Amino acid sequence: MYVYDFEYALRVSASACTCVQFLSGLLICASFVKKGKVSNESVVPFVTGFLSCSLWLYYGMILANSTLVSVNAFGCLLFAIYTSIYYRYTSKKKRVMHYVVSAIAVIAWIVYITYSNVNQKQSKTVSSVELHQHQSVEVVAVTPLDISDTSIISLTTNDAIDRVGLLCSLTTMLFFAAPFSNLIHVIRTKNTESMPLPLIVMTFLVSAQWLVYGRMLRDKFIMYPNAVGCMLSIIQLALFVIYPRRSTVPLTTELHNHHHPYPYIKLMDA
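Thresholds applied
- Residues numbered from 1 in each chain as written.
- Predicted model: local features only at pLDDT ≥ 70, side-chain atom pairs only at ≥ 80, totals over all residues.
- Heavy atoms only, no water.
- UniProt positions renumbered as here; feature names shortened; annotations may be inferred.
- Phe/Tyr/Trp six-rings, centres within 6.5 Å; stacked < 30°, edge-to-face > 60°.
- Helix = DSSP H or I, 4+ residues; strand = E, 2+ residues; numbered from the N terminus.
- Buried < 20%, exposed > 50% of the residue type's maximum accessible area, 1.4 Å probe, protein only.
- pLDDT = per-residue confidence, 0-100.
- Contact = heavy atoms within 4.5 Å.
- Expected span 1.5 Å × (residues − 1).
- Polar contact = N/O pair within 3.5 Å; in protein donor to acceptor, adjacent residues only side chain to side chain.
- Salt bridge = Lys/Arg side-chain N within 4 Å of Asp/Glu carboxyl O.

Per an unreviewed UniProt entry, the protein chain goes by Sugar transporter SWEET and derives from Schizaphis graminum. UniProt's Sequence similarities (unreviewed entry) comment on the protein chain is quoted here verbatim: "Belongs to the SWEET sugar transporter family." A UniProt comment under Function (unreviewed entry) is attached to the protein chain, and it reads "Mediates sugar transport across membranes."

### A closer look at the packing of aromatic side chains
Inspection of every chain in the model, using the stated rule, returns 8 aromatic pairs. Residues Y59 and F221 carry aromatic rings whose centres are separated by 6.3 Å and whose planes lie at 80° to one another, so their mutual orientation is edge-to-face. You can see Y59 sitting in helix α3 (residues 44-63) and its partner F221 sitting in helix α10 (residues 220-242), a full 162 residues away along the chain. In this pair, the class of Y59 matches that of F221, namely buried. With a centroid separation of 5.4 Å and 75° between ring planes, the pair formed by W210 and Y213 is classed as edge-to-face. One end of the pair, W210, and the other, Y213, are both in helix α9 (residues 197-217), 3 residues apart, so they sit about a helical turn from each other. Comparing W210 with Y213, the two get one shared label, buried.

### As for the confidence of the model for the protein chain
Residue-level pLDDT values for the protein chain average 75, and 73% of them are 70 or greater. Looking over the protein chain, one finds the lowest element-wise mean pLDDT in helix α12 (residues 263-269), namely 35, and the highest in helix α4 (residues 66-89), namely 93. Ignoring residues within four places in sequence, the model shows residues 125-155, a span with pLDDT below 50, making 11 contacts including any to other chains. Within the model, pLDDT remains below 50 along residues 251-270, and this stretch shows 8 contacts once partners closer than five positions in the same chain are excluded.

### A word on α4
Between its terminal C-alpha atoms α4 stretches 35 Å, which fits the 34 Å expected from 24 residues at 1.5 Å a residue. Among the residues of α4, T67, L68, V71, N72, G75, C76, L78, F79, Y82, T83 and Y86 are the ones counted as buried. At the N-terminal boundary of α4, the capping side chain belongs to N65, with an oxygen 3.0 Å from the backbone nitrogen of T67.

### Let's talk about the pattern of salt bridges
For the structure on display, the rule yields 2 salt bridges. Here E7 ties to R11 by a salt bridge, and the two come within 4.0 Å at their closest N and O atoms. Here the residue E7 and the residue R11 both occupy positions in helix α1 (residues 2-23), the gap between them amounting to 4 residues, near one helical turn. Residue class for R11 comes out buried when judged on its relative accessible area of 18%. The partner of K35 in a salt bridge is E41, with the nearest N and O atoms 3.2 Å apart. By relative accessible area, which is 38% here, K35 ends up partly exposed. Taking relative accessible area as the criterion, E41 reaches 15% and is therefore assigned buried.

The following block contains the structure:
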């Protein structure tokens, strides 16, 4: 009873924190609206977030897991909105469209491949069962049609779970590593302003909870990527300590916004 209560509480907490993690993108988009443009921020975290949520949504539908379905449907919607806002304020619209189209193509390809493989295996298995039933009356008597159908569905569903689960794990790790897309820029400028701190902090908190939850369920597809997510988040947070954030306001703007020690410079600037 205690284990069930803890598992339920952990599932609710992880789901709530995941939704908050998704909402942390609002802070980043608010900065776009406030500045009226995108500075050095990358669209990769938003696109990979949409891709990851889409695949986990599909994975949850296969498992008939309402928690995974509801959380990731919410995430898909938010990341689509974030990407749209980024597209509105960025000057690199072609690059954004390239990422978005690529993500949608990957999702469509995975769904198509999974369904085609499952249907193909089901048809082959059904054909072999029907042939075996025609050849042996005893098999028909011992193995009713409804039981064989159930085993076929179970076999193909498990195959789909393995395929989609593996892809979900890979895309989740890609999502966790997405802020590293600006790593070269961060090291070169020694400034972490372009890295989404709220998203990274929430990623660490969420990954830790899903790691424990996956361990309780013995689901390797939930457990392994979140273990990687915890490690990557710690590395990213360490960058904020090594390279503290500082504003990249142009010098001329700073001169206008601060009191000049020499009045004639102020007059010349004006």
